[in-house]
Amino acid sequence: MQNALAKRVRCTILYATETGRSEQYARVLGRMFNKAFDVKVRTHKFMRRHCIVVVVVVVVVVVVVVVVVVVVVVVVVVVKVVIWWICRYFG
């Protein structure tokens, strides 16, 4: 088991925050990726003190875009079904 954990790809998630919201999202993303990657969540100030290779993960943005597209498609389908139903039974 330790061998498998040692072979995971290193991933550093950087965040910058004033309100704490970015830190929360970064930590959630870190927990999600922890199974497949060796994740470290760091503040942007960490970069000033350490020289590391950083893997920037934009998965959150991709997931949000996919969710928005799915919601729009579902709404369009529901509207079409409702219009078809109204036209069929009341038209």
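As the structure is a prediction and not an experimental result, all values here were calculated from the model.

Scoring rules and cut-offs
Residues numbered from 1 in each chain as written. Predicted model: local features only at pLDDT ≥ 70, side-chain atom pairs only at ≥ 80, totals over all residues. Heavy atoms only, no water. Helix = DSSP H or I, 4+ residues; strand = E, 2+ residues; numbered from the N terminus. Buried < 20%, exposed > 50% of the residue type's maximum accessible area, 1.4 Å probe, protein only. Contact = heavy atoms within 4.5 Å. Areas by Shrake-Rupley, 256 points an atom, 1.4 Å probe, with all protein chains shown as cover. Core = buried A, V, L, I, M, F, W, Y, C linked by side-chain atoms within 4.5 Å. Patch = residues over 30% accessible without salt bridge, like charges linked within 9 Å, V, L, I, M, F, W, Y side chains within 5 Å. Salt bridge = Lys/Arg side-chain N within 4 Å of Asp/Glu carboxyl O. Pairing = 2+ DSSP bridges. Right-handed = clockwise from strand over helix to strand, strands pointing away. Phe/Tyr/Trp six-rings, centres within 6.5 Å; stacked < 30°, edge-to-face > 60°.

**Q** Honestly, the overall build of the chain in this entry has me stumped. Any pointers?
**A** Assigned secondary structure in the chain consists of 4 helices and 2 strands. A total of 91 residues make up the chain; the buried ones form 13% of that total. The contacts in the chain between residues at least 6 apart in sequence include a share of 71% that link residues at least 24 apart. Only carbon and sulfur atoms are counted for the fraction: they give 67% of the accessible area of the chain, which is about 7800 Å².

**Q** Help me understand the nonpolar core, please; the structure alone is not making it clear to me.
**A** In this structure, Cys11, Ile13, Tyr15, Ala26, Leu29, Phe33, Val39 and Val41 together form the largest nonpolar core, which totals 8 residues. For this core, the elements supplying multiple residues, two or more each, are strand S1 (9-15), helix H2 (21-33) and strand S2 (37-43). Residues contacting Ile13, with those up to four places away along its chain left out, are Ala26, Leu29, Gly30, Val39, Lys40, Val41 and Arg42.

**Q** Explain a nonpolar patch on the surface here, please?
**A** There is a patch of nonpolar side chains on the surface, built from Val62, Val66, Val70, Val74, Val78, Val82, Trp84, Trp85, Ile86, Tyr89 and Phe90 and spanning about 1100 Å² of accessible area. Mapped onto the fold, Trp84 is located in helix H4 (residues 59-90). We classify Trp84 as partly exposed; its relative accessible area is 49%.

**Q** Mind showing me how you'd approach the pairing of S1 here?
**A** Taken residue by residue, a regular strand's side chains alternate between the two faces of the sheet. Examined bridge by bridge, S1 and S2 share 7 bridges and lie parallel to one another. If you follow Ile13 over to S2, its bridge partner there is Val41. Read as a crossover between parallel neighbours, the route from S1 over H2 to S2 is right-handed.

**Q** Looking at this structure, how should I read the packing of aromatic side chains?
**A** In total, this model carries 3 aromatic pairs according to the counting rule given. Summarising the aromatic geometry, the rings of Trp85 and Tyr89 are spaced 5.4 Å apart at their centres and angled 50° between planes, so their arrangement reads as tilted. Of this pair, Trp85 and Tyr89 both sit in helix H4, 4 residues apart, which is roughly one turn of that helix. Ring centres 5.7 Å apart and planes at 80° place the aromatic pair Trp85 and Phe90 in the edge-to-face group. For Trp85, a relative accessible area of 41% translates into the label partly exposed. Taken together, the aromatic side chains of Trp85, Tyr89 and Phe90 make up a single cluster linked through ring pairs.

**Q** Would you explain the pattern of salt bridges in this entry?
**A** Under the defined criterion, the tally for this structure stands at 1 salt bridge. Close ionic contact of Arg27 with Glu23 constitutes a salt bridge, the shortest N to O distance being 3.2 Å. Here the residue Arg27 and the residue Glu23 both occupy positions in helix H2, the gap between them amounting to 4 residues, near one helical turn.

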